[in-house]
Amino acid sequence: MPDISALTNVLYEKKDGIAYVTLNRPKVLNALNTPTWIDLKTAFEEAKADTSVHGVILTGAGDKAFIAGADISELAHVDAYEAEESSRFGQDVLSLIENLGKPVVAAINGFALGGGCETAMACTIRIAAEHAKFGQPEVKLGLLPGGGGTQRLPRLVGKGRALQLILTGETISAQEAYRIGLVNEIVPPTDLIARAETILKQISANAPIAVKFSLEAANKGLDTSQAEGFALEASYFGICAATEDKKEGTSAFLEKRRPQFHGR
């Protein structure tokens, strides 16, 4: 089992079925270094393993940054081999977040740049504070996005707009991020966590198995042909139809009552 007691750069709390994962390096705008990546992996392994957790809210400490990007003081000294290994490890952590089997809401409370933008994109839903900023500025450092940015950004906003952001390294506002489909909603900073909680509570009121397979069908389907995606969807539809939750959901609908799902 993951040892969350050993976390130093990430806070992990749990309340009412929600795990709260907070990057806790506010003095460096929650920048990602190797120990922080490791802590992030541990926190999400814990959330995945804990059956009482129905969803996760990911945010950053302070009011300036979600995650401002990589820790440049560490990045400046890596060689080609170390950089590739670091990229692969970050990609693996973000794939864990994306394929958690439970919804993850990014509560973006400030700068989401570089690895921060990539981390947000790995989440299921992105809610941004009005002052949040987004970008992939790696080209300005002689690099390219190494945490999945070249792959997830085109899938979210389209190839043309994604390449413009990646190749210019420009920073955009929360309002522009919303306009191009990078974030789902914009809210006042004081409403950020409450809105994330509301969304997760709406999702957790539904059948857990159906939620899990809906996530999996969408994630896997994007990496296949549409025909293969349809086949995957039909297979998961069949699996869900065999669950007790499906019997409960359809019965509750016909009986005009609220369903009581148990994840079986």
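Rules and cut-offs
- Residues numbered from 1 in each chain as written.
- Predicted model: local features only at pLDDT ≥ 70, side-chain atom pairs only at ≥ 80, totals over all residues.
- Heavy atoms only, no water.
- Helix = DSSP H or I, 4+ residues; strand = E, 2+ residues; numbered from the N terminus.
- Rg over C-alpha atoms; globule rule 2.2 N^0.38 Å.
- Buried < 20%, exposed > 50% of the residue type's maximum accessible area, 1.4 Å probe, protein only.
- Contact = heavy atoms within 4.5 Å.
- Areas by Shrake-Rupley, 256 points an atom, 1.4 Å probe, with all protein chains shown as cover.
- Lys, Arg positive; Asp, Glu negative; His and termini not counted.
- Charge placed at Lys NZ, Arg CZ, Asp CG, Glu CD.
- Core = buried A, V, L, I, M, F, W, Y, C linked by side-chain atoms within 4.5 Å.
- Pairing = 2+ DSSP bridges.
- Axes fitted to C-alpha atoms, helices over the stretch in contact; angles between N-to-C directions.
- Phe/Tyr/Trp six-rings, centres within 6.5 Å; stacked < 30°, edge-to-face > 60°.

### What to know about the overall build of the protein
In terms of regular secondary structure, the protein is built from 11 helices and 10 strands. By the compact-globule yardstick of 18 Å for 264 residues, the protein fits well, its C-alpha radius of gyration being 19 Å. Overall, the protein is about 60 × 40 × 35 Å in size when its C-alpha atoms are taken along their principal axes. Looking at the protein as a whole, 44% of its 264 residues are labelled buried. For the protein, restricting intrachain contacts to residue pairs at least 6 apart in sequence, the fraction spanning at least 24 positions comes to 68%. As displayed, the protein offers around 13600 Å² of accessible surface, 56% of which is attributable to carbon and sulfur atoms. Taking the average place of the 27 positive charges on the side chains of the protein and the average place of its 32 negative ones, the gap between the two points comes to 6 Å.

### Some words on the nonpolar core
Among the nonpolar cores identified, the biggest contains 45 residues, and Leu40, Phe44, Ile108, Phe134 and Leu182 are the most heavily contacted of them. With 5 residues, helix α1 (residues 34–49) is the largest single contributor of residues to this core. Ignoring anything within four residues of it in the chain, the contact list for Phe44 reads Val21, Val56, Leu58, Leu96, Ile97, Leu100 and Val104. Counting residues in each nonpolar core, the second largest holds 13 residues, with Ala107, Ala129, Leu192 and Ile199 among its members.

### Describing the sheet that holds strand β2 (residues 18–23)
Judged by pairing direction, the sheet is mixed, and its 6 strands sit side by side in the order β1-β2-β3-β5-β7-β10 without closing on themselves. Pairing within the sheet leaves two strands with one partner each, and these edge strands are β1 (10–15) and β10 (185–187). The mean angle between the axes of side-by-side strands here comes to 20°, regardless of whether they run parallel or antiparallel. In this sheet, β2 lies alongside β1 in antiparallel orientation, the contact comprising 6 bridges. Note that in β2 the partner of Tyr12 across the bridge is Val21. In this fold α1 packs onto β1, β2, β3 (55–60) and β5 (104–108), with an angle of close to 15° to the strand it touches most, β1.

### Focus on the sheet that holds strand β8 (residues 133–135)
Spatial ordering of the open sheet is given by β4-β6-β8-β9, a layout of 4 strands whose pairing is mixed. Every other strand in the sheet has two partners, leaving β4 (65–67) and β9 (171–173) as the edge strands with one partner each. Taking the axes of each pair of neighbouring strands and ignoring which way they run, one obtains an average angle of 20° across the sheet.

### Considering the environment of Gly101
Of note, Gly101 is situated in the loop between α3 (80–98) and β5. On the accessibility criterion, Gly101 (26% relative accessible area) is partly exposed. In this structure, Gly101 is in contact with Lys212 and Leu215, ignoring residues within four places of it in sequence.

### Quick look at the pairing of β5
Summarising burial for β5: 5 of the 5 residues are buried, a large majority. Burial of β5 is two-sided: the residues Val104, Ala106 and Ile108 facing one way and the residues Val105 and Ala107 facing the other way are all buried. Taken together, the 3 bridges between β3 and β5 define a ladder with parallel strand orientation. Paired with Leu58 across the two strands is Ala106, which belongs to β5. Here β5 runs beside strand β7 (residues 125–129); their pairing, made up of 4 bridges, is parallel. Note that in β7 the partner of Ala107 across the bridge is Ile127.

### Some words on the packing of aromatic side chains
Within a pair of aromatic rings, the relevant descriptors are the distance that separates the centres and the angle that separates the planes. What the rule picks out here adds up to 1 aromatic pair. Ring centres of Phe213 and Tyr236 lie 4.7 Å apart, and the angle between their planes is 40°; on these two criteria the pair is classed as tilted. Residue Phe213 is found in helix α9 (residues 208–221), and its partner Tyr236 is found in helix α10 (residues 226–241); the two are separated by 23 residues along the sequence. According to the relative accessible area criterion, Phe213 is buried, its value standing at 15%. Classification of Tyr236 by relative accessible area gives buried; the value is 9%.

That's the geometry; what it means functionally is another story.
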